[in-house]
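The residues making up each chain are set out below.
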Amino acid sequence: MAVGATAAKLHLSSAAAAARRPSMLHLVAVAALCSLSYLLGIWHHGGFSASPAGGGAGAAVSIATAVSCVSPTPTLSSSSPSSPLDFAAHHTAEGLEEEEAAPRQRAYDACPAKYSEYTPCEDVERSLKFSRDRLVYRERHCPASDAERLRCLVPAPKGYRNPFAWPASRDVAWFANVPHKELTVEKAVQNWIRVDGDKFRFPGGGTMFPRGAGAYIDDIGKIIPLHDGSIRTALDTGCGVASWGAYLLSRNILAMSFAPRDSHEAQVQFALERGVPAMIGVLASNRLTYPARSFDMAHCSRCLIPWQLYDGLYLIEIDRVLRPGGYWILSGPPINWKKHYKGWARTTEDLNEEQQAIEAVAKSLCWKKVKEVGDIAIWQKPTNHIHCKTMHKVIKSPRFCSSQNPDAAWYNKMEACITPLPEVSDIKEVAGGELKKWPERLTAVPPRIASGSIEGVTEEMFVEDTELWKKRVGHYKSVISQFGQKGRYRNLLDMNAKFGGFAAALVRDPVWVMNMVPTVGNSTTLGVIYERGLIGSYQDWCEGMSTYPRTYDLIHADSVFTLYNGRCEMENILLEMDRILRPEGTVIIRDDVDLLVKIKSIADGMRWNSQIVDHEDGPLVREKLLLVVKTYWTLGDNEQ
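An unreviewed UniProt entry lists the protein under the name Methyltransferase, from Urochloa decumbens. Recorded in UniProt for the protein, the comment headed Sequence similarities (unreviewed entry) runs: "Belongs to the methyltransferase superfamily."

Description of the overall build of the protein
Each helix and strand in the protein was counted, giving 21 helices and 19 strands. Pairs at least 24 apart in sequence give 70% of the contacts found in the protein among residues at least 6 apart. Element-wise, carbon and sulfur atoms account for 53% of the exposed surface of the protein, whose accessible area totals about 27700 Å².

Regarding the pairing of strand E16 (residues 552-558)
With seven of seven residues buried, E16 is to be regarded as a mostly interior element. Of the strand pairs in this sheet, strand E13 (residues 491-494) and E16 are connected by three bridges, and their pairing is parallel. When the sheet's bridge partners are listed, Asp 494 is paired in E16 with His 556. As paired strands, E16 and strand E17 (residues 581-592) are joined by six bridges and run parallel to one another. Directly across from Ile 555, in E17, lies its bridge partner Val 587.

Some thoughts on the sheet that holds strand E19 (residues 623-630)
Strand order in this open sheet of seven strands is E15-E14-E13-E16-E17-E19-E18, and the pairing throughout is mixed. Two strands lie at the open edges of the sheet, namely strand E15 (536-539) and strand E18 (608-613), each paired on one side alone. When strand polarity is set aside, the average angle formed by the axes of neighbouring strands in this sheet is 20°. Alignment of E13 against strand E14 (residues 512-518), held across four bridges, turns out to be parallel. Within E14, the position partnered with Asp 494 by the bridge is Asn 515. Of the strands in this sheet, E13, E16, E17, E18 and E19 are in contact with helix H20 (residues 570-580), which crosses E17 at around 145°. Along the sheet, helix H21 (residues 593-603) contacts E17, E18 and E19; its crossing angle with E17, the most-contacted strand, is approximately 155°.

Some remarks on the nonpolar core
Across soluble globular proteins, nonpolar side chains show a tendency to be buried alongside one another. By size, the foremost hydrophobic cluster in this structure holds 140 residues, and its most contacted members are Met 297, Trp 307, Trp 328 and Met 577. Excluding residues within four positions of it along the chain, Met 297 makes contact with Ile 224, Leu 226, Ile 231, Thr 233, Ala 234, Leu 235, Trp 244, Leu 248, Ile 253, Leu 322, Tyr 327 and Ile 329. Grouped together as the second largest cluster of nonpolar side chains are nine residues, Val 178, Ile 193, Phe 200 and Phe 202 included.

Some words on the packing of aromatic side chains
Scanning the model with the defined rule gives 20 aromatic pairs in all. Taken together, the aromatic side chains of Trp 469, Tyr 476, Phe 483, Tyr 489 and Phe 502 make up a single cluster linked through ring pairs. It is Arg 132 that lies over the ring of Tyr 137; its NZ or CZ is 4.5 Å from the centre. Stacked on the ring of Trp 469, the Lys or Arg Arg 472 has its end atom at 4.8 Å from the ring centre.

Considering the pairing of E14
E14 sits mainly inside the fold: seven of its seven residues count as buried. Side-chain alternation along E14 places Trp 512, Met 514, Met 516 and Pro 518 on one buried face and Val 513, Asn 515 and Val 517 on a second face that is also buried. Of the strand pairs in this sheet, E14 and E15 are connected by four bridges, and their pairing is parallel. Counted as the bridge partner of Val 517 is Tyr 538 from E15. As for the winding sense of the linkage, the β-α-β connection from E14 through helix H18 (residues 526-531) to E15 is right-handed.

Looking at the state of the cysteines
Linking two cysteines covalently through their sulfur atoms gives a disulfide. Counted by the stated rule, this structure contains six disulfides. Put simply, Cys 401 and Cys 417 are joined by a disulfide, and their sulfur atoms are 2.0 Å apart. Handedness of the Cys 401-Cys 417 disulfide follows from its S-S torsion of about 95°: it is right-handed. A residue pair is termed long-range when its members are at least 10 positions apart, and Cys 401 in the loop between strand E11 (399-400) and strand E12 (417-418) and Cys 417 in strand E12 qualify at 16 residues. One exposure class covers both Cys 401 and Cys 417, and it is buried.

A short note on the pattern of salt bridges
This model, assessed by the stated rule, comprises 39 salt bridges. For Arg 201, the salt bridge goes to Asp 196, with nearest N and O atoms at 2.7 Å. Owing to a relative accessible area of 28%, Arg 201 belongs among the partly exposed residues under this scheme. Linking Glu 372 and Lys 369 is a salt bridge whose minimum nitrogen-to-oxygen distance equals 2.6 Å. Overall, Glu 372 belongs to the partly exposed group, its relative accessible area being 33%.

Some words on the sheet that holds strand E2 (residues 194-196)
Judged by pairing direction, the sheet is antiparallel, and its three strands sit side by side in the order E1-E3-E2 without closing on themselves. The sheet terminates laterally at strand E1 (172-174) and E2, the two strands that pair on one side only. Here the strands of the sheet are splayed against their neighbours by 35° on average, with no regard to which way each runs.

So, how was this worked out
- Residues numbered from 1 in each chain as written.
- Predicted model: local features only at pLDDT ≥ 70, side-chain atom pairs only at ≥ 80, totals over all residues.
- Heavy atoms only, no water.
- UniProt positions renumbered as here; feature names shortened; annotations may be inferred.
- Helix = DSSP H or I, 4+ residues; strand = E, 2+ residues; numbered from the N terminus.
- Contact = heavy atoms within 4.5 Å.
- Areas by Shrake-Rupley, 256 points an atom, 1.4 Å probe, with all protein chains shown as cover.
- Buried < 20%, exposed > 50% of the residue type's maximum accessible area, 1.4 Å probe, protein only.
- Pairing = 2+ DSSP bridges.
- Axes fitted to C-alpha atoms, helices over the stretch in contact; angles between N-to-C directions.
- Core = buried A, V, L, I, M, F, W, Y, C linked by side-chain atoms within 4.5 Å.
- Phe/Tyr/Trp six-rings, centres within 6.5 Å; stacked < 30°, edge-to-face > 60°.
- Lys NZ or Arg CZ within 6 Å of the ring centre and 35° of its normal.
- Right-handed = clockwise from strand over helix to strand, strands pointing away.
- Disulfide = S-S within 2.5 Å.
- Salt bridge = Lys/Arg side-chain N within 4 Å of Asp/Glu carboxyl O.

This is the structure in structure tokens:
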């Protein structure tokens, strides 16, 4: 009423008086409206827009537009972002136009060129300080203090281009993106990779599949069921450039491929450049970073892992992560040694002894040898441990583990003991519960939830979560039009995956999602993710991730900064996100608006363009979205 009365009096003022005092009228009007805006903001407890409930593209409002009084007629709503972000991919290596940089609170410098492939927890110089025994030096060894951390932005190599869209990327990549020729020389006869002008080509060859990865997988499919949906998740140890995993994708099988950092130059980096799931990893002294009973099959093709040594420790670890009834596939030494021993430059006695030792370890784990055909041998893990426990009353080694959490796998040491399967009441029962076949298992209630083994999680909660993420991903696609564009994104990372709902909602898109479960949260849910037929790993975001720079096209961070608030510096997490994000990549951060304002203040100095938009349920929800586009810049672009 007071505002209306004031406006009426001003309207009735004489034209002469108004002409004498134009600045006073202007100030009164602005002050009144700003005051009204401020009071309404307090009343709504943090709502930044008065647009209709329901969100969508029409509710996308930048925080600058929402809270600043910058014109004589400020508003509290907007039908579209004041400065829409450009999520489209533009770049070849030429013809880039330098954009004028916006003012920044703090500008982060580019790291020196030598850090263009920096992986903080697999840093070569730091690794050399650790024991060479059992490849311990190639495990994760992260910076011990903030003084060791990089406070700069890891640069892309000169001439970096956006990768080819999937499925073309399976077979071709830009040379400028991973400028290493070592593998083309080292593995020339195996047909892993070759240089073709300004591109790399991946013919699908491998040491043990000279006819190509597709034919090799077809040979496996003649022995075990690869085509009926019963096998969905796979583990490839010592993966090379991950051609096995790449060619499994067309068969609806999702492989987690890993290899040590630079065992061969940039092999995992090539896999990721191809759009194939992969991580840096090694079997040494720590458990693999996956829960028990994760994978439907595991694979080693001349991966050079000494399976028979250390009391069978490495095969025992594969047994831990294999699902009941899962398969282990081995090709290369010592399989088919009678044919290959001369080429392997080893004696027949040595190779025969190695194979017999591997067979003995497999038998002690109660595995059944399915078949050995040509260069391929396959074993199967039992569906439960009823017979196995009876057998181990006579055969005492290896013993059954008694104390460790079977799912714990973050700097947990491997032990030479068998991880016991959940108890069953009948010999025909599958320990832990039988899984549906793919794709039904994606949305079926996972056995870990149905059995009540995850405290505080019910079947209803899982179903609701699945539906919630369908809605949320729909909202993302409404505010980021390129999200639904085929070929724009391929490698996605979910930093706080919970049950994998974000990945499940995208299963029909030509993308794959690495589902990370933070070790500080409810880390029991990673087993659920694998039971759904998805892949992921444990991760502490106060540390670096075991992957190369420029791994992901899109990073999703749901409540990550709330989870880590007070645990480590926000800046450290953001710099790590920048390291693993491709130029022109996208970030979606969901969190409380107060945290997002702080995040944005840091992001504005990281060569990111960012904007805060409303929650899918409308402007009155305190949780908001921070949408980010990483700008394109490379080594030498110092003026940007």
